[in-house]
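Geometric and topological summary
Here are the chains, one letter per residue:
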Amino acid sequence: MNRWLVKSEPSVYSWDKLIKDKKTSWDSIRNYASRNNLRDMRKGDEVFFYHSNEGMEIVGITTVIKESYQDPTTEDKNWVAVDLKPLKKLKRSVTLTEIKSDAQLSQMELVRISRLSVQKVSSKEWNRILEISETV
């Protein structure tokens, strides 16, 4: 199983909205590296949900329920979407400041490639985030 992180501005699509909706199509991604990550996602993969710009924190965990398919927001065949459903809210959100200050997370894509909206997360990073969030 692979693990990931997706980013969304809470004013555009928040964790609370995902909980209310029960699932969502993760679409409208127009960055090639992020698109490639969407293509690599598999059903059952776990995904951190990160609030960007406002809050700047990991707030919950989702799972992939439908692997990549044609993005319904465009006719361009180069772009894909996946479907996600919420699994659980973190016991305590983990802020970007905390992540940047933790030596074990210094190589996390969230730190190194901050503009990437769909990112890979290593097992070591995943476990450390869960530890910080007290969600172990």
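Moving on, we come to helix α2 (residues 32-40). Looking at α2, one finds that the buried residues are Ser34, Arg35, Asn37 and Leu38. The arc that holds every buried residue of α2, seen down its axis, measures 160°, which confines them to one face. The elements touched by buried residues of α2 are β1 (3-8), β2 (24-26), β4 (57-70), β5 (80-95) and β6 (118-121). Between the side-chain oxygen at the start of α2 and the backbone nitrogen of Ala33 there is a gap of 3.0 Å, and the oxygen is on Asn31.

Within the structure shown, the criterion is met by 7 salt bridges. One salt bridge in this structure joins Lys17 and Asp21, with 3.1 Å as the shortest N-O distance. Of the two residues, Lys17 and Asp21 both sit in helix α1 (residues 15-21), 4 residues apart, roughly one turn of that helix.

Bridge analysis of strand β3 (residues 46-51) against β4 gives 6 bridges, and the strand direction is antiparallel. Its bridge partner lying in β4, Phe48 is registered against Ile61. Between β3 and β4, which pair antiparallel and follow one another directly, the connecting turn spans 5 residues, one of which, Asn53, has a positive phi of 65°. As defined by bridge partners, β4 adjoins β5 across 10 bridges and the pair is classed as antiparallel. Residue pairing across strands places Tyr69 opposite Ala81, the latter belonging to β5.

About the criteria used
- Residues numbered from 1 in each chain as written.
- Predicted model: local features only at pLDDT ≥ 70, side-chain atom pairs only at ≥ 80, totals over all residues.
- Heavy atoms only, no water.
- Buried < 20%, exposed > 50% of the residue type's maximum accessible area, 1.4 Å probe, protein only.
- Helix = DSSP H or I, 4+ residues; strand = E, 2+ residues; numbered from the N terminus.
- Arc of directions from axis to C-beta.
- Contact = heavy atoms within 4.5 Å.
- Polar contact = N/O pair within 3.5 Å; in protein donor to acceptor, adjacent residues only side chain to side chain.
- Salt bridge = Lys/Arg side-chain N within 4 Å of Asp/Glu carboxyl O.
- Pairing = 2+ DSSP bridges.

In short, geometric facts, not functional conclusions.
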